[in-house]
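Structural overview
If you want the building blocks of each chain, they are given just below.
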Amino acid sequence: TAGPKDGFDLTLLLSDGISTVMQAMDVSGPFIIPSTFYPNVSIMFAENPTLESEFGRPIAGRCGAYRIRIALRGILPAQATFKVSFPDGVQLNDAFCDYADMDYTKAVSRLTHLRIPLQYVLRTDAKRRTVISQVATAGGSDAWDVPQYMEMYITNLRHTREGPLDPFRVEALYPDTTSVVEQNLSIPVLPVIAESSVLQGGVLHITAKPQSLNAGVRTTLVVQVTTRGRLPRTGIVEVKLPVAFRINDGDDTRVLTSTLNETEADMRVVYTDTSKGIVHVQIDTQLPTAANPDGITNSTFICEQATADYRTCVRTPSGVKPGALLMAERDDLSLPGSVRGKFSFALSQIRNLAGGHSGNFEVNMYLADSKSLSERNNNVPGSELVIGSLADGTVRPAMQGSATRTTFEMMVSISNTLQASGNVIVIFPPGFEIDDGFQTNVTAATLVVFTQEYETPARVIASDKFARSVTVAVGGSPDDFLSAFNKVKFTLTNIRNMVARPPKGGAFELSGTFELQTQLASGALVETFSVPGVEIFPNVIEPFPVGDGDVFLESLFNGTGLSLVVQYSSDAVLPENSVILLGFPQAYTFNVGGKSTATVTYDGVVDTQYTLLNLTNGDRQIYVERVNGTSAVSPGVIIAVNISNIKVADQVSPSGEHNISVLTPDGATIAAGVLPDTFIGRPSQPLEIFLDNCKADWPAPDPRCVEVIWKPPIDSAGNDIITYQIKFAANSFRFDTIIGTSEVETDAGGQTLIGGLPLMFKSNKLAEGVIYYVSVQAGTMNRGVLGFGKPGYGNAVRAISLPGPPRATLLRSDTTNRLFTAWFQPQFTGALN
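What comes next concerns the included structure.

Cut-offs used in this document
- Residues numbered from 1 in each chain as written.
- Predicted model: local features only at pLDDT ≥ 70, side-chain atom pairs only at ≥ 80, totals over all residues.
- Heavy atoms only, no water.
- Helix = DSSP H or I, 4+ residues; strand = E, 2+ residues; numbered from the N terminus.
- Rg over C-alpha atoms; globule rule 2.2 N^0.38 Å.
- Buried < 20%, exposed > 50% of the residue type's maximum accessible area, 1.4 Å probe, protein only.
- Contact = heavy atoms within 4.5 Å.
- Areas by Shrake-Rupley, 256 points an atom, 1.4 Å probe, with all protein chains shown as cover.
- Lys, Arg positive; Asp, Glu negative; His and termini not counted.
- Charge placed at Lys NZ, Arg CZ, Asp CG, Glu CD.
- Pairing = 2+ DSSP bridges.
- Axes fitted to C-alpha atoms, helices over the stretch in contact; angles between N-to-C directions.
- Core = buried A, V, L, I, M, F, W, Y, C linked by side-chain atoms within 4.5 Å.
- Phe/Tyr/Trp six-rings, centres within 6.5 Å; stacked < 30°, edge-to-face > 60°.
- Lys NZ or Arg CZ within 6 Å of the ring centre and 35° of its normal.
- Disulfide = S-S within 2.5 Å.
- Patch = residues over 30% accessible without salt bridge, like charges linked within 9 Å, V, L, I, M, F, W, Y side chains within 5 Å.
- Salt bridge = Lys/Arg side-chain N within 4 Å of Asp/Glu carboxyl O.

**Section: the overall build of the chain**
The number of helices and strands found in the chain is zero helices and 73 strands. Taken over C-alpha atoms, the radius of gyration comes to 51 Å for the chain, far larger than the 28 Å a tight globule of 833 residues would show. Looking at the chain as a whole, 49% of its 833 residues are labelled buried. Within the chain, contacts between residues at least 6 apart in sequence are counted, and of these 70% link residues at least 24 apart. Put simply, the chain shows about 38300 Å² of open surface, and 52% of that area lies on carbon and sulfur atoms. Side-chain charges of the chain comprise 64 positive and 82 negative groups, with the mean position of each set lying 3 Å from the other.

Laid out in structure tokens, this is it:
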């Protein structure tokens, strides 16, 4: 055996073998170390410990047997013993699972399948995780049926948890069970894996279902479990809820009711993690204790002698505490202490956050430490939650013009609930465009909680031009919730309206419906709402001075023309593919001196993508088509069409109105309008027209009028200006309400009024507080007829009473090199004090 070998006695004798010459007593000897087994040691596990078993990976929670094979180097004496030490994670003396040998069904780890050499158990110790067996075959190891070869099956062992196992230790001993002959203290084995609770028939008997399937409501989650492996009654059931649910909603999640094998139980929630949706439920908190052991953890099995007759053996405790171990699917129900691993519990304070498929649950089994995994079930089927309907929703465009770039005010009213960290999705109907010109953004976002309105840092987190959808993150905390009738309000920018196609005789087209959706930050839908469409009108191209629509002739002489420019601006976007249709009065002739051409500019920059189509003198319509433009033209940009080789009639009169339409290639109207006449043979518009309030001049009374000044036109069409016509209008640049028209004569050429006076005119006394507008036209004689040219327009002025000059001012000095002034207030202080 191994160990120190001291106490040798050495004696020197004579040849007679009796007579002592000298001697030494208790001489120190060598230290004998144990030898090691041959390296082909094999330790394998099988759940079904038959001689034909397929050995493989050990599985947590499963019971079975380890087969151990050893080839000895040295010779063991008769009745030698073997000691096997198991690592942490292997439970000895587990409830019987050796279904190949039903003769002895006590919960003890023992040898099964009598192998070479014949052995029987002497003792097992679950606390120390050791099994000692003794050889019953006569003779030493060299006399065994297969000399120097040992094989044994140790059954009723359970792997308690997933993870790697420390090496096994196997020692070959003398009959005294302590003296070591050979050993291997580091025998590697396969790690333990955790598998699902799928039963042998291939069915997973685990469900997790909310009692209510409506999104946004608080409900109870019922979990039902049938385990395949064994689990201590003190075990932990971990439920991981998908993001469609929230635990601890309003109050702590608790176990409302629980059953174990259809008998009422007292399970409890021992841990929750709201952010991860994890709940730990302990099946029973009472076992084991020192006073109430489970009968497995610290059990022993001791035999007086190693025989097949276990009547001389004593198990302490005598058996497994009834119910201490939840048994597996295939365990015999008649076994002592057998309670099937079939249980259920109902969890409170669960919120269904979203609709649609909830995602799968995870239901895992742990030991009481909540760390040692026994079974893993990653794919417990989820539920189809019913997507709710929002209480209300509104969509309001700031402008309703066709193809207009505008903003939209959005409001959603919650029906049940929405996590404040969730999203609102707006899906626009066909024809609308998002990210128009610039990326769609969110502004003026607020949360309305009952009567209080709060700003929230909402932001656009996704947009899809093809789906016409914008996703807005509300910007709140995941721990805050919007409840019924709370609202989310925000404005979306850079949205292009659809192109309106009003029905015949109609003024607008009703768009398709808008879809509003709320969702969790994960993307799961909560509630939806359909908002009726909005009315979209073709834009009106306003003539100057209300808008930028105007027509300019290169020459105002009657019978000439040369070229003209038609300009406009609109609230609409000019798409990449578009048509500008111009309709001219009879006063125009095209293709004079060559073919007329058209050039289009945007704020003076030429766009070469236009083609002039269908120019004839018959219908006097010009189609200017833009094909595959590089980009859309933003609203408000002045778009000008310059047409060459034209001639105006040899007449002295207004040309007649011009029509303009901006169309899509298929003929839908984006914008349309009527542009003013050109004044053939008459002057262009006067310049630098400025309107101001008249000044009070004490002691004269306050005039309460407006006065206008201007400069002559650039082009008088070849005739001297002899008069100016001034019109005053109230409240509108459209000159719908003209309150006065006056004419003033000029010196020759129109540079000054009669007598060399400056170009100025004062109105009559006006109503205070009203806004007034002015237009000025130059008049000439042409072919013996007095007529007026293109009007020029000035600024708008609100008529107010202005103070007069201060009275009786005094200026004096003193000896300190300072000046002093004094005055009285004006006679007329005006309307503004």
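**What about the sheet that holds strand β36 (residues 405–413)?**
Strand pairing in a sheet relies on backbone hydrogen bonds, with the paired strands running either antiparallel or parallel. With antiparallel pairing, the five strands of this open sheet are ordered in space as β35-β36-β44-β39-β40. Sheet topology places β35 (392–397) and β40 (452–455) at the edges, where each strand pairs with a single neighbour. Pairwise comparison of adjacent strand axes, ignoring direction, gives a mean angle of 20° for this sheet. Here strand β39 (residues 442–449) runs beside strand β44 (residues 487–496); their pairing, made up of five bridges, is antiparallel.

**What to know about the nonpolar core**
Of all hydrophobic cores here, the largest spans 40 residues; its most connected members are Ile43, Phe86 and Ile154. Looking at this core, the elements with two or more residues in it are β6 (42–46), β7 (63–71), β8 (81–85), β12 (130–135), β13 (149–159), β14 (168–173), β15 (180–187) and β25 (300–303). For this core, the element with the most residues is β13, which contributes four residues. Beyond its immediate stretch of four places on either side in the chain, Ile43 contacts Tyr66, Arg67, Ile68, Phe168, Val170, Ile187 and Val189.

**Quick look at the packing of aromatic side chains**
This model, assessed by the stated rule, comprises 23 aromatic pairs. Centre to centre, the rings of Tyr66 and Phe86 are 6.3 Å apart; their planes meet at 50°, and the pair counts as tilted. Placement of the pair is Tyr66 in strand β7 and Phe86 in the loop between β8 and β9 (90–91), with a sequence separation of 20 residues. With 6.4 Å between their ring centres and 65° between their planes, Tyr602 and Tyr610 make a pair best called edge-to-face. A residue is classified by how much of its surface remains accessible, and Tyr610, at 11% relative accessible area, is buried. In textbook terms, an aromatic cluster arises when at least three aromatic residues are bridged by ring pairs, as seen for Phe45, Tyr66, Phe86 and Phe168. Taking the ring centre of Tyr38 as reference, the NZ or CZ of Arg73 above it sits at 4.5 Å.

**Some points on the pairing of strand β31 (residues 362–366)**
Taken across its five residues, β31 has four buried, putting it largely inside the fold. Pairing analysis gives five bridges linking strand β19 (residues 236–240) to β31, with the strands arranged antiparallel. Pairing of Lys240 across the sheet is with Glu362, part of β31. Connecting the antiparallel pair β31 and strand β32 (residues 373–375) is a turn made up of six residues, with Ser370 showing a positive phi of about 65°.

**Some words on the state of the cysteines**
Applying the stated criterion to the full structure yields three disulfides. The disulfide bridge from Cys63 ends at Cys97, spanning 2.0 Å between sulfur atoms. Its S-S torsion of about -65° marks the bond between Cys63 and Cys97 as left-handed, since a negative value means left-handed. A residue pair is termed long-range when its members are at least 10 positions apart, and Cys63 in strand β7 and Cys97 in the loop between β9 and β10 (111–112) qualify at 34 residues. Across the chain, the way the bonded cysteines pair up, counted in sequence order, is 1-2, 3-4, 5-6.

**Things to note about a nonpolar patch on the surface**
Residues Leu12, Leu14, Val21 and Met22 make up a contiguous nonpolar surface patch of roughly 380 Å² in combined accessible area. Among the secondary structure elements, Met22 is positioned in strand β3 (residues 20–27). In this structure Met22 comes out as exposed when scored by relative accessible area, which is 52%.

**Some details on the side chain of Ser344**
In this structure, Ser344 sits in strand β29 (residues 342–352). Exposure remark for Ser344: the relative accessible area of 13% places this residue in the buried category.

**Let's talk about the environment of Asn642**
Secondary-structure assignment places Asn642 in strand β58 (residues 639–648). Between the C-alpha atom of Asn642 and that of Leu564, which follows or precedes it by 78 residues, the distance is 5.9 Å. Once residues lying within four places of it in the same chain are set aside, the contact partners of Asn642 are Ser563, Leu564, Val565, Thr597, Ala598 and Thr599.

**Some details on the sheet that holds strand β24 (residues 278–282)**
The antiparallel open sheet is built from five strands, whose spatial order is β23-β24-β19-β31-β32. In the strand order of this sheet, the two ends are held by β23 (268–273) and β32, each with one partner. With strand direction ignored, the average angle separating the axes of adjacent strands in the sheet is 30°. With five bridges joining them, β23 and β24 adopt antiparallel strand pairing. The residue of β24 that forms the bridge with Val269 is Val281.

**Some details on the pattern of salt bridges**
One pass over the full model with this rule turns up 28 salt bridges. Where Asp666 meets Arg501, a salt bridge forms, and the shortest distance between an N and an O atom there is 2.8 Å. Linking Asp666 in the loop between β60 (658–663) and β61 (669–675) with Arg501 in the loop between β44 and β45 (509–510), this pair joins segments that are 165 residues apart in sequence. Judged by relative accessible area, which is 57%, Asp666 ranks as exposed. The closest approach of N and O atoms between Lys711 and Glu688, which form a salt bridge, is 3.1 Å.

**Details of the environment of Phe537**
Examined against the element boundaries, Phe537 turns out to sit in the loop between β48 (535–536) and β49 (539–540). The partly exposed category is assigned to Phe537, whose relative accessible area is 28%. Between the alpha carbons of Phe537 and Ser644 there is a distance of 33 Å; along the sequence they are 107 residues apart.

**Here's the deal with unusual backbone geometry**
Glycine aside, residues mostly have negative phi, and peptide bonds are mostly found in the trans state. In the segment running from Ile116 into Pro117, the intervening peptide bond is cis, with an omega of -15°. Residue Pro317 is bonded to the preceding Thr316 through a cis peptide linkage, with omega at -10°. Notably, Phe485 is not glycine yet its phi reads approximately 70°, a positive angle. Inspection of the secondary structure assignment puts Phe485 in the loop between β43 (481–483) and β44. On the basis of relative accessibility, which here comes to 60%, the residue Phe485 falls in the exposed class. Not every positive phi belongs to a glycine, and Asn591 is a case in point at roughly 60°. As for its placement among the helices and strands, Asn591 is situated in the loop between β53 (588–590) and β54 (598–602).

Shape is all these values report; function is a separate question.
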